[in-house]
Amino acid sequence: QVQLVESGGRLVQTGDSLRLSCAASGSTVSSYTMAWFRQAPGKEREFVAAVRWGNGITTYEDSVKGRFTISRDNAKNTVYLQMSSLKPEDTAVYYCAASKWVLSVPTQSRLYDYWGQGTQVTVSS
């Protein structure tokens, strides 16, 4: 079992930067892929970014490329999402997730095995 706890979400203004954290505990996550998803009101949950814990390979959704950076701290068992140039359309609940899928870096939520409770990010215009 893996427990994931997100933090860092808050109200910011357009153009601001924000860093989300996801602390993992329980089973070792060294072979997992860690990801961030988001869900805006009335919309489906969508993939944002992922990082393979072991080799650090990253994948990003097109709308956040160049603005968001996912990273992990092995010593702290923590994954981060550094967000910059935030836009109102980035407003959503952001979820951290862990996947045991090994064939590729998964972007589909159904391939993720563990989820955090979410943290709200609101970007005002």
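Residues numbered from 1 in each chain as written. Predicted model: local features only at pLDDT ≥ 70, side-chain atom pairs only at ≥ 80, totals over all residues. Heavy atoms only, no water.

**Looking at the nonpolar core**
Quick note on the threshold: The criterion is simple. A nonpolar core is a set of buried Ala, Val, Leu, Ile, Met, Phe, Trp, Tyr and Cys residues joined through side-chain atoms within 4.5 Å. Each residue is placed in one exposure class: buried if its accessible area under a 1.4 Å probe, protein chains only, is under 20% of its type's maximum, exposed if it is over 50%, and partly exposed if it falls in between. The helix count covers DSSP runs of H or I at least four residues long, the strand count covers runs of E at least two residues long, and both are numbered beginning at the N terminus. Working rule for contacts: check all heavy atoms of both residues, and any pair within 4.5 Å makes them a contact.
Ranked by size, the top nonpolar core spans 31 residues in total, and within it Leu4, Met34, Trp36, Leu81, Met83 and Tyr94 carry the most contacts. Contributions of two or more residues to this core are made by strand 1 (2–7), strand 3 (18–26), strand 4 (33–39), strand 5 (46–52), strand 7 (68–73), strand 8 (78–83), strand 9 (92–99) and strand 11 (119–124). Not counting chain neighbours up to four residues away, the residues in contact with Leu4 comprise Cys22, Ala23, Ala24, Met34, Cys96, Ala97, Ala98, Tyr114, Trp115, Gly116 and Gln117. In terms of nonpolar packing, the next biggest core, distinct from the first, is built from 7 residues, Ala35, Phe47, Val105 and Tyr112 among them.

**Focus: the pattern of salt bridges**
We count it as follows: Basic side-chain nitrogens of Lys or Arg form a salt bridge, by our definition, when they fall within 4 Å of a carboxyl oxygen of Asp or Glu.
Within this structure, the stated rule accounts for 4 salt bridges. Put simply, Asp62 and Lys65 hold a salt bridge, and the shortest N to O gap is 3.1 Å. Between Asp90 and Arg67 there is a salt bridge, and its shortest N-O distance comes to 2.8 Å. Residue Asp90 is located in the loop between strand 8 and strand 9, and its partner Arg67 is located in the loop between strand 6 (58–60) and strand 7; the two are separated by 23 residues in the primary sequence. Under the relative-accessibility criterion, Arg67 is labelled buried at 11%.

**So, the layout of surface pockets**
For the record, the criterion: Only protein atoms enter the 1 Å grid used here. Points where a 1.4 Å probe fits but cannot escape make up a cavity, open sets with protein on both sides within 12 Å along at least five of seven lines make up a pocket, and a residue lines them when an atom lies within 4 Å of a point. Grid points are joined across faces, edges and corners, and a volume is the space filled by probe spheres set on the points. Note that Gly is not counted as nonpolar here; it falls among the polar residues with everything else outside the nonpolar set of Ala, Val, Leu, Ile, Met, Phe, Trp, Tyr, Cys and Pro and the charged set of Asp, Glu, Lys and Arg.
Empty space within the largest pocket amounts to approximately 160 Å³. Taken together, 13 residues form the lining of the largest pocket, with Arg38, Lys43, Glu46, Glu89 and Asp90 sitting closest to its centre. Of the residues contributing to the lining of the largest pocket, the split by class is 2 nonpolar, 3 polar and 8 charged.

**Describing the packing of aromatic side chains**
One pair of aromatic rings is described through two measures. These are the centre distance and the angle between the planes. Condition: What counts as a ring pair is set by centres within 6.5 Å for rings of Phe, Tyr and Trp (its six-membered ring), and what kind of pair is set by the plane angle: stacked under 30 degrees, edge-to-face over 60, tilted for all other angles. Two conditions define a charge sitting above a ring: the NZ of Lys or the CZ of Arg must be within 6 Å of the ring centre, and it must be within 35 degrees of the ring normal.
In this structure the tally under the stated criterion is 5 aromatic pairs. Ring geometry for Phe37 and Phe47: centres 5.7 Å apart, planes at 80°, overall edge-to-face. With Phe37 in strand 4 and Phe47 in strand 5, this residue pair connects regions lying 10 residues apart in the sequence. In terms of burial, Phe37 and Phe47 fall into one category: buried. Between the aromatic rings of Phe37 and Tyr112, the centroid separation amounts to 5.2 Å while the plane-to-plane angle is 80°, which identifies the pairing as edge-to-face. With Phe37 in strand 4 and Tyr112 in the loop between strand 9 and strand 10 (114–115), this pair connects stretches of sequence that are 75 residues apart. One aromatic cluster in this structure is built from Phe37, Phe47, Tyr112 and Trp115. The ring of Tyr95 is capped by Arg45, whose NZ or CZ atom sits 3.8 Å from the centre of that ring. The ring of Trp115 has Arg45 sitting right over it, with the charged end atom 4.7 Å from the ring centre.

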